[in-house]
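Geometric and topological summary
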Amino acid sequence: MKVLKFGGSSVANSENIKKVLHIVEKASQESKIVVVVSAFGKTTDHLLAGANNALQDISMAKQQLESIKALHLQTINELIQNDVEIVLEKVNSLFNSLLSIYEGIYLLQELSDKTLAKVSSFGEKLSSFIIANAAKELFDATHFESNKLILTDNNYLNGQVDFAKTNTNIVNFFNQNSHQVTLLGGFIASNSIGEITTLGRGGSDYSAAIFAAALDAEELQIWTDVSGMFTANPTIVKQAFAIKEISYEEAMELSHFGAKVLYPPTIQPALRKEIPIRIKNTFEPEHFGTLISNNPKKNGAVKGISHIENISLITLEGGGMVGIPGFSKRLFETLSQQKINVIFITQASSEYSICVGIYENDAPKAKLFLEETFSTEIDRKKIKPVIVENDLAIIAVVGESMKNHQGLSGQMFSALGKNNVNIRAIAQGSSEKNISAVIHKKDAKKALNTLHEQFFEEKIKQLNLFVTGVGNVGERFLAQLHQQKNHLKEHLKLNIRVIGISNSRKMIFDKNGISLSDWKNALENGESTSLELFFEKVKEINVRNSVFIDNTANEHVANMYHHYLRESIGVVTCNKIACASNLENYKNLKTISRKYNAPFLFETNVGAGLPIIDTLKNLINSGDSIHKIQAVLSGSLNFVFNNFTEKTSFHDVVLQAQKEGYTEPDPKIDLSGIDVSRKILILARESGSNLELENIENNSFLPLESLQTTNNDEFFKSLVNYESHFQNLFQKASEKNCRLKYVAQFIDGKANVGLQEIPAEHPFYNLEGSDNIVLFFTDRYSKNPLLIKGAGAGAEVTASGIFADVIRIGNN
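Keep in mind that what you see is a predicted model, and the values were worked out from it rather than measured. (Residues numbered from 1 in each chain as written. Predicted model: local features only at pLDDT ≥ 70, side-chain atom pairs only at ≥ 80, totals over all residues. Heavy atoms only, no water.)

**Some points on the overall build of the chain**
Helices and strands together make up the secondary structure of the chain, namely 29 helices and 29 strands. A compact globule built from 812 residues would reach a C-alpha radius of gyration of about 28 Å, whereas the chain, at 36 Å, exceeds it by more than 25%. Principal-axis analysis of the C-alpha atoms places the extent of the chain at approximately 115 × 70 × 55 Å. Excluding contacts between residues fewer than 6 apart, the proportion of contacts in the chain whose partners are at least 24 apart in sequence is 72%. For the chain, the computed accessible surface area is about 35300 Å², with 47% contributed by carbon and sulfur atoms. The average position of the 82 basic charges and that of the 90 acidic charges among the side chains of the chain differ by 3 Å. (Helix = DSSP H or I, 4+ residues; strand = E, 2+ residues; numbered from the N terminus. Rg over C-alpha atoms; globule rule 2.2 N^0.38 Å. Contact = heavy atoms within 4.5 Å. Areas by Shrake-Rupley, 256 points an atom, 1.4 Å probe, with all protein chains shown as cover. Lys, Arg positive; Asp, Glu negative; His and termini not counted. Charge placed at Lys NZ, Arg CZ, Asp CG, Glu CD.)

**Some remarks on helix H13 (residues 408-418)**
Along H13, the residues classified as buried are Leu408, Met412, Ala415 and Leu416. Angularly, the buried residues of H13 cover 95° about the axis, an arc narrow enough to put them on a single face. Where H13 is buried, its residues contact strand S14 (387-398), strand S16 (434-440) and helix H14 (444-455). Looking one or two residues past H13, Asn420 carries a phi angle of roughly 60°, positive in sign. (Buried < 20%, exposed > 50% of the residue type's maximum accessible area, 1.4 Å probe, protein only. Arc of directions from axis to C-beta.)

**Details of the packing of aromatic side chains**
Scanning the model with the defined rule gives 24 aromatic pairs in all. Between Phe6 and Trp223, the ring centres sit 5.7 Å apart and the planes meet at 20°, which makes this aromatic pair stacked. Of the two residues, Phe6 sits in strand S1 (residues 2-6) while Trp223 sits in strand S7 (residues 219-224), which places them 217 residues apart along the sequence. The exposure class assigned to Phe6 is buried, which follows from its relative accessible area of 0%. Residue class for Trp223 comes out buried when judged on its relative accessible area of 4%. A connected cluster of aromatic rings, assembled from ring pairs, spans Phe466, Phe509, Phe534, Phe535, Phe548, Tyr561, Tyr564, Phe600 and Phe602. (Phe/Tyr/Trp six-rings, centres within 6.5 Å; stacked < 30°, edge-to-face > 60°.)

**So, the environment of Ala54**
Here Ala54 is to be found in helix H2 (residues 43-54). Taking the C-alpha atoms as reference points, Ala54 and Val654, separated by 600 residues in sequence, lie 81 Å from one another. Ignoring anything within four residues of it in the chain, the contact list for Ala54 reads Ala61, Tyr102, Ile105, Tyr106 and Gln109.

**Some points on the pattern of salt bridges**
A full pass over the atoms with the stated rule returns 30 salt bridges. Residues participating in the shared-partner salt-bridge network are Glu603, Asp614, Asp805 and Arg808. (Salt bridge = Lys/Arg side-chain N within 4 Å of Asp/Glu carboxyl O.)

**A short note on the packing of helix H21 (residues 612-621) against helix H25 (residues 674-686)**
The interhelical angle for the contact between H21 and H25, taken along N-to-C directions, is 20°, at an axis separation of 10 Å. It follows that H21 is roughly parallel to H25 by the angle criterion. Between H21 and H25 lies a crossing whose hand is right-handed. Contacts between H21 and H25 involve Ile612, Ile613, Leu616, Lys617 and Ile620 from the former and Ile682, Leu683 and Glu686 from the latter. Tallied by class, residues from the contact of H21 with H25 come to 6 nonpolar, no polar and 2 charged. (Axes fitted to C-alpha atoms, helices over the stretch in contact; angles between N-to-C directions. Parallel < 35°, antiparallel > 145°, perpendicular 65-115°, else oblique. Left-handed = near helix turned anticlockwise from the far one by under 90°. Nonpolar A, V, L, I, M, F, W, Y, C, P; charged D, E, K, R; others polar.)

**Description of the side chain of Thr231**
Turning to its location among the elements, Thr231 is positioned in the loop between S7 and strand S8 (245-247). With relative accessibility at 1%, the residue Thr231 sits in the buried group. Apart from residues no more than four positions distant in its own chain, Thr231 is found in contact with Ala240, Phe241, Ile243, Lys303, Gly304, Ile305, His452 and Phe456.

**Observations regarding the sheet that holds strand S25 (residues 697-699)**
With mixed pairing, the 6 strands of this open sheet are ordered in space as S25-S27-S26-S24-S28-S29. The two strands at the open ends of the sheet, each matched to only one other strand, are S25 and strand S29 (786-791). Within this sheet the neighbouring strands show an average axis-to-axis angle of 20°, counted without direction. Pairing of strand S24 (residues 626-632) with strand S26 (residues 739-747), which is carried by 4 bridges, proceeds in the antiparallel orientation. When the bridges of S26 are listed, Ile629 appears paired with Phe746. Its contacts with the sheet put H21 on S24, strand S28 (771-778) and S29, and the angle it makes with S28 is roughly 10°. Each of S24, S26, strand S27 (750-758) and S28 is contacted by helix H22 (residues 635-643), which is oriented at about 150° to S26, the strand it contacts most. (Pairing = 2+ DSSP bridges.)

This is the structure:
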């Protein structure tokens, strides 16, 4: 014999019920079947809502009842052809009884637990009767009311089963029952005098397990709308998958911590009899589902990750607790007397404090009665007033084999820490089947996805990017990312998604990843933005492995970095302003980055896509010392002076450089030397020097009038006016067989930048196009410097440098 239980979603309407009947008919060809059904869809919720409304407004309650009745009559009309009048007579009688109860509630202005139990029982009475009559038209079936078989105590809303009497009733009934299929309603029972009781919300699963255990069933099948117990909640963790096999203990742990496929007490009767439980999907009946048994196949240390939201943490602490017996006893007695369920317990070994996790709606009552219980100790300052923390969640990592694997706790808390998920409390049983942690509710989704990636997914790391600035560099970066997406996943095991994009006017977000084939249209139709709004939205989305990408040269954007880093959101930037700002800010960003474990990478600040900063860091980290740096660091200026001759005008060459994307939008930043000053400052600071920007000696070649212009039009006009000045610079260099290069130097703690005449034998002489070159003179490279040379400007190479920093984060 098998017991099959179908939940509310499986019997929500006639179409679903037809699927159920097909499953039952097929199963009944192999053995006798007991079928336990829940109420249709959300019927029980609607019945209880109607009962509560009856206290205030009987007309509203009657309207709700008519709506519930209409659904049931429609289902009868669509399912049953024979004996329709008999079925309708019974169903109408049940609804008349319900109406009488509602009217009684209104007249007496009383809604007791006894009445609530009676009202909520009608959902299963109706569903089981209607489905049984539909089944009779297809195969050998009968109907019986489970409240005549399952006996409980007088707890109307959460009855405790009298298993001795219940098992006798069930065995006696089925010994006399010759039908191939027996339909019963779940959830409902009765006390010793025949009054309706219920087994608690979700108790239909429990009913099915009670029947399975009493009848020594071959298997208990729980049919629902998902294909088994999943490694995590699939609505929150998209990569979650069905667990093929799991132990009773693991299933109970997952159910206790929020896995809603099973009602936690369900497993106990089946566990005592070692009856396998299989979770199946009504809408995908061929799927294997999840088999819960005593000896599941071993497959990984962690079986699942679950969570409960709307938790409060109650803390009792104080020096007066240390060494004094009885505090815990009094605490738990008080909570028990108030029928407050304790979900989570942890206590400091010093005995200075004890924490318990309870549901948030119980917290005010818990605080009130605990402070009453411990009023003497609180008044005498032996312990502090009860501390209540709200808006929390519990996450639990579950697996029976966890005790045999070292380092799982470390992996769990390290992964959470890297993503700025703060742990408020931790609990782990000596059996090591479960590691639980209390976190803030807003972090629950991020925590679940982080842990799932850590323990279940093929070592593919997901990075979630938030991109500001989609001009030349930003557009090329997104294009490169789009082009290489599959390559990164296949070869580097990186899944890089763009979750948010903004320019100066608009922003768009998609938690599942923005399509990079059509982001421009989406952004054009996005919502209005500001730097603060974009940051708040990134915080609100709160996804793991988040990285903020700054493709701008904007000071206000740079001033936002510390906000992102404090949220453990990495920052990758080509914007030099932050790292070339005052020394205190530079050091502060570095400190925050380390404190919050948030990467802060700015390789493209110097040399675009060239690995200059990375090489410098590696030299220093490996114990080398930097003595001198010589460099041509402006691809823009190198392009300009490589193309400027006596046959060209300086104005035209600069304009060409701007059009081809080699200069900043304001080319004066490049030509004034301020950009190169910032770059050598960053290299000096990365070398360990404490320089400020004003300490950089800037020997500008621009006339004062050009430096004092306030916009691009004025600047370009000044270049025309001073063409003879620029030609004179070129002529002097040519006469010495030299080339003009804008050189940055750092030596003996001092730095300078300026235009120099480079002789033919110097490494800088043949530097072509917009290339950069850097010479590092160190302890190890004292005679022949370490040389890095290559393209140092342009949107494409700068974007590739940003891309490289993102990959560095992914590989870390």
